[in-house]
Amino acid sequence: MASASSSSDSDTGGASPPPRKKARASPAAAAAEGAGEPGASAGRAGLTSSQSPSLPAGLAPAAAPLRGSSSSSGGSASSGGSAMQGPELGCLGAQNGEASAGTTAGDQLAHANGLLPSANSGGGSPGGLSVNNGVPAAGGPGPAAAELGGGGGGSALKKKKRLSQSDEDVIRLIGQHLHGLGLNQTVDLLMQESGCRLEHPSATKFRNHVMEGEWDKAENDLNELKALVHSPHAIVRMKFLLLQQKYLEYLEDGKVLEALQVLRCELTPLKYNTERIHVLSGYLMCSHAEDLRAKAEWEGKGTASRSKLLDKLQTYLPPSVMLPPRRLQNLLRQAVELQRDRCLYHNTKLDSNLDSVSLLIDHVCSRKQFPCYTQQILTEHCNEVWFCKFSNDGTKLATGSKDTTVIIWQVDPDTHQLKLLKTLEGHAYGVSYIAWSPDDNYLVACGPDDCSELWLWNVQTGELRTKMSQSHEDSLTSVAWNPDGKRFVTGGQRGQFYQCDLDGNLLDSWEGVRVQCLWCLSDGKTVLASDTHQRIRGYNFEDLTDRNIVQEDHPIMSFTISKNGRLALLNVATQGVHLWDLQDRVLVRKYQGVTQGFYTIHSCFGGHNEDFIASGSEDHKVYIWHKRSELPIAELTGHTRTVNCVSWNPQIPSMMASASDDGTVRIWGPAPFVDNQDIEEECSSMDS
């Protein structure tokens, strides 16, 4: 089995996050932590309001239940605290709302974010029970609450470090996500302990009124939001969306007069999107609710349509007022997609569903999953193999040889093994180029420079449908199918190319063009042709115009076009493989490594989404690049002479074929028996 090597394994994984720094406890925090020791606990248990004459009266009732819960065996602080009345109830800083059995009241002072309030030498007290970003909780006693030590000798609580903007953003994102999961109490606790605000109070009111369908109140909310919106036109657009929903809901409920009133007296005076108002007025003619929903492409009155409306409304509000919908999920999805895009070996369908990936590890694909390993060697040809091409549906492979035959191979969909299906004989000059029809029913075969004939085969029957030759002086070395599958163009270096039908009848011709390679664009009327002037020109057979598209400094030996028609891949004599943008008419990238002289070598796009490029080479290798990287990610060895052509299976991204002057065709695929352990080991080596 041939071995393959890669020159760029190091660029596959994302950067690992830096380790979190563990916060060092302050002396005050250490004192508070020490207050949980038995001696300190006894001191706390005896604390009463009479021992602290400076304690505000509002906190005295709070101390008794805490003292009682501390002395009871196995008692819960949260259950003891439940007897508290008034605003002090919200000041309990227990983590997740409860404390472990056997802990003292002083132990419960720990803030949910892991910060401990300071304690004096006489033991902690329940006085500083809630610190929200260093600010006493609402309804608390204010600065006096900081001095609760025995005998009045307490020290002020240290303010908690202020959260950075990024920390606040993360807390809000987490809060929004938890809210979407229905964990509203958790969100409330998170916001309370962090001192953050999920969204502006006016935005909260607005959200609730929209979801409840209280349109008049929602309109009033817009007046409050006006000062928070950057664009003055945004309020008008938001009001239009609100009234549109109100109008549609009236129509669905059969309240035609009310709907008409909204249309005439509320929507129209806005003088916004009059074209849409005309469309809305047409919905008055809908006979029933189903007809309305179908014509308006609307989900109907209820949570679904109002949630969709709210998503649209949120786009007009600054994120500081109301977060964009599903913001955390969108950020995570973007991160996953970015890692996939940067993965040099990613060759599978992109799944935008976050449930299909793990967010706990970086994305990385192993080289062993890539078509770098010889799966099969086809040796049925008895001379140099000049060309190979998979069918459009990926079920067949056609190979052309100097031995005058075309062999059609069947691809097993399960094992991905190929077996000989048909041998098409009689090409006296050999076969140097093959083109499948768009429906894969026909195959056209061309010969080398001195061949003036072209063969059109019926793939299903193996019968020759047409053998075409316009002139014995012609050189028909290249062919390309029109997207309609009813016509094709062919030509060579003798100075002309033709457009013909399936019976070989000449439809059009273009004189004075020495063609090296041809391609038909998806518009059905433009033909690209590389010629002996080191350029690619576009020829329009409808209006008989032509224009220069690509100009190189060296002969273009062959070229191929991406599926979307945007990119062209050129094999340029003595230069290698070049990628051009046909729309902008610029050279995008020159790929390194390949040896390209004056032999005709055919490269290809391939892999999922055509993210990869492969080419044969005169140094007997197959080179593979990621489309964005100039350096090869794999150099495949095994052939013993020039590799003339490479074809990537358009339906099986992990399968590739190469044809060589050594008389063989190699089928490339992933490493056999790849297991998860192998992949993990390779990922580890890549990271190192």
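Here the structure is a predicted model, which means the values were calculated and not measured.

**Q** Would you mind going over the overall build of the protein in detail, with residue names and values included?
**A** A tally of helices and strands in the protein yields 15 helices and 31 strands. Scored against the burial criterion, the 688 residues of the protein give a buried share of 48%. By sequence separation, contacts in the protein at least 24 residues apart represent 51% of the contacts at least 6 residues apart. Of the roughly 33500 Å² of accessible surface on the protein, a fraction of 50% belongs to carbon and sulfur atoms.

**Q** Could you give an account of the pattern of salt bridges, with specific residues and numbers?
**A** Per the stated rule, a full pass over the model turns up 22 salt bridges. Here Lys217 makes a salt bridge to Glu214, at a shortest N to O gap of 3.6 Å. Ionic contacts of the salt-bridge type, sharing partners, join the residues Asp216, Lys246 and Glu266 into one network.

**Q** With reference to specific residues and values, describe the nonpolar core.
**A** Of all hydrophobic cores here, the largest spans 45 residues; its most connected members are Leu397 and Leu443. Those residues within four positions of Leu397 in sequence are excluded, and the remaining contacts are Leu378, Cys388, Lys389, Phe390, Ile407, Ile408, Trp409, Leu418, Trp436, Ala657, Val665 and Ile667.

**Q** Before we move on, could you go through the layout of surface pockets and cite the residues and values that matter?
**A** A volume near 1100 Å³ is recorded for the second largest pocket. Lining the second largest pocket are 48 residues, and of these Lys389, Asn392, Trp519, Thr560 and Ile561 sit closest to its centre. Secondary structure elements with two or more residues in the lining of the second largest pocket: strand S5 (385-390), strand S9 (433-436), strand S13 (478-481), strand S17 (515-520), strand S21 (556-561), strand S22 (567-572), strand S25 (604-606) and strand S29 (643-648). Along the lines of polarity and charge, the residues of the lining of the second largest pocket split into 26 nonpolar, 19 polar and 3 charged.

**Q** An account of the environment of Leu163 is requested, with residue identities and associated values reported.
**A** You can see Leu163 is positioned in the loop between strand S3 (135-136) and helix H5 (165-180). For the pair formed by Leu163 and Ser194, sequence separation is 31 residues and the distance between their alpha carbons is 8.2 Å.

**Q** Which residues make up the sheet that holds strand S12 (residues 463-468), and what values do they have?
**A** Judged by pairing direction, the sheet is antiparallel, and its 4 strands sit side by side in the order S9-S10-S11-S12 without closing on themselves. For this open sheet the edge positions go to S9 and S12, each flanked by a neighbour on one side alone. Between one strand axis and the next, the sheet turns by 20 degrees as a mean value, whatever way the strands run.

**Q** Which residues make up the packing of aromatic side chains, and what values do they have?
**A** Under the counting rule described, the total for this entry stands at 13 aromatic pairs. A ring pair is formed by Phe387 and Tyr433, whose centres lie 4.8 Å apart and whose planes are at 45 degrees; its orientation type is tilted. You can see Phe387 sitting in strand S5 and its partner Tyr433 sitting in strand S9, a full 46 residues away along the chain. Accessibility assignment for this pair places Phe387 and Tyr433 in one class, buried. Each residue in the set Phe497, Trp510, Tyr539 and Phe541 is aromatic and connected to the rest through ring pairs, giving one cluster.

**Q** I'd love a proper account of the pairing of strand S24 (residues 586-591), names of residues and values included.
**A** Sheet topology note: the strand S23 (residues 576-581)/S24 ladder contains 5 bridges and is antiparallel. Among the inter-strand pairings, Asp581 is bridged to a residue of S24, identified as Val586. Between S23 and S24, which follow one another and run antiparallel, lie 4 residues, and Arg585 among them has a positive phi close to 55 degrees.

**Q** Tell me about the UniProt feature "repeat: WD" (unreviewed entry) in the protein, residues and numbers included.
**A** The positions that UniProt labels "repeat: WD" (unreviewed entry) are, in the present scheme, residues 378-412, 424-455 and 636-668. Measuring from the first to the last C-alpha atom of residues 378-412 gives 15 Å, for a span that is 0% helix and 54% strand. Annotation note: span residues 424-455, helix share 0%, strand share 38%, distance between end C-alpha atoms 10 Å.

**Q** Let's hear about the sheet that holds strand S16 (residues 506-511): which residues, and what values?
**A** Pairing within the open sheet is antiparallel, and its 4 strands lie in the order S13-S14-S15-S16. Of all the strands in the sheet, the pair left with one neighbour each is S13 and S16. With strand direction ignored, the average angle separating the axes of adjacent strands in the sheet is 15 degrees. Bridging between strand S14 (residues 487-491) and strand S15 (residues 496-501) involves 5 bridges; their strand directions are antiparallel. The residue of S15 that forms the bridge with Phe488 is Cys500.

**Q** Describe the pairing of strand S27 (residues 622-626), listing the residues and the values that go with them.
**A** When you tally the buried positions in S27, you get 5 out of 5 residues, the bulk of the element. The side-chain alternation of S27 yields two buried faces, one formed by Val622, Ile624 and His626 and the other by Tyr623 and Trp625. Pairing geometry for strand S26 (residues 612-615) and S27, over 4 bridges, is antiparallel. The partner of Ser615 across the bridge, within S27, is Tyr623. Connecting S26 to the next strand, S27, in antiparallel fashion are 6 residues, including His620 with a positive phi near 80 degrees. Here S27 pairs with strand S28 (residues 634-636) via 3 bridges, running antiparallel.

**Q** Outline the side chain of Ser629, listing residues and values.
**A** With respect to the secondary-structure elements, Ser629 resides in the loop between S27 and S28. A relative accessible area of 18% means that Ser629 is categorised as buried. Polar contacts involving the side chain of Ser629 include one to the main-chain carbonyl oxygen of Leu631, which spans 3.3 Å. Not counting the four nearest positions on each side in its chain, Ser629 is found in contact with Arg589 and Tyr591.

**Q** Lay out the side chain of Thr477 in plain terms, naming residues and giving numbers.
**A** Relative to the elements of secondary structure, Thr477 occurs in the loop between S12 and S13. Judged by its relative accessible area of 11%, Thr477 is buried. With sequence-adjacent residues up to four places away left out, Thr477 is seen in contact with Ser432, Tyr433, Cys446, Gly447, Pro448, Asp449, Gly491, Gly492 and Val515.

**Q** I'd like to hear about unusual backbone geometry, residue by residue, with values.
**A** A positive phi angle, near 55 degrees, is found at Arg585, a position not held by glycine. Its location among the elements puts Arg585 in the loop between S23 and S24. When its relative accessible area of 40% is taken as the criterion, Arg585 is described as partly exposed. A positive phi angle, near 50 degrees, is found at Glu610, a position not held by glycine. Tracing the backbone through its elements, the reader meets Glu610 in the loop between S25 and S26.

**Q** Hey, could you go over the state of the cysteines for me, with residue numbers and the actual values?
**A** Considering all chains together, one arrives at 0 disulfides under this definition. Cys446 forms no disulfide, and the closest cysteine sulfur to it belongs to Cys451, at a distance of 7.6 Å. Owing to a relative accessible area of 0%, Cys446 belongs among the buried residues under this scheme.

**Q** Residue-level account of helix H14 (residues 327-342), with values.
**A** With 16 residues, H14 should reach 22 Å at 1.5 Å per residue; the first-to-last C-alpha distance of 23 Å fits that figure. Those residues of H14 not exposed but buried are Leu328, Val336 and Arg340. Taken end-on, H14 shows its buried residues confined to a sector of 110 degrees, consistent with a single buried face.

**Q** Describe the packing of helix H9 (residues 232-252) against helix H11 (residues 274-282), with residues and values.
**A** In contact at an axis separation of 11 Å, H9 and H11 are set at 10 degrees when each is read in the N-to-C sense. The orientation of H9 relative to H11 falls into the category roughly parallel. Contact residues: H9 offers Phe240, Gln244, Tyr247 and Leu248, while H11 offers Arg276, Ile277, Leu280 and Ser281. For the contact of H9 with H11, the class distribution of residues is 5 nonpolar, 2 polar and 1 charged.

Conventions used here
Residues numbered from 1 in each chain as written. Predicted model: local features only at pLDDT ≥ 70, side-chain atom pairs only at ≥ 80, totals over all residues. Heavy atoms only, no water. Helix = DSSP H or I, 4+ residues; strand = E, 2+ residues; numbered from the N terminus. Buried < 20%, exposed > 50% of the residue type's maximum accessible area, 1.4 Å probe, protein only. Contact = heavy atoms within 4.5 Å. Areas by Shrake-Rupley, 256 points an atom, 1.4 Å probe, with all protein chains shown as cover. Salt bridge = Lys/Arg side-chain N within 4 Å of Asp/Glu carboxyl O. Core = buried A, V, L, I, M, F, W, Y, C linked by side-chain atoms within 4.5 Å. 1 Å grid on protein atoms, 1.4 Å probe; cavity = no way out; pocket = protein on both sides within 12 Å on 5 of 7 lines; lining within 4 Å. Points joined across faces, edges and corners; volume = space filled by probe spheres on them. Nonpolar A, V, L, I, M, F, W, Y, C, P; charged D, E, K, R; others polar. Pairing = 2+ DSSP bridges. Axes fitted to C-alpha atoms, helices over the stretch in contact; angles between N-to-C directions. Phe/Tyr/Trp six-rings, centres within 6.5 Å; stacked < 30°, edge-to-face > 60°. UniProt positions renumbered as here; feature names shortened; annotations may be inferred. Polar contact = N/O pair within 3.5 Å; in protein donor to acceptor, adjacent residues only side chain to side chain. Disulfide = S-S within 2.5 Å. Expected span 1.5 Å × (residues − 1). Arc of directions from axis to C-beta. Parallel < 35°, antiparallel > 145°, perpendicular 65-115°, else oblique.

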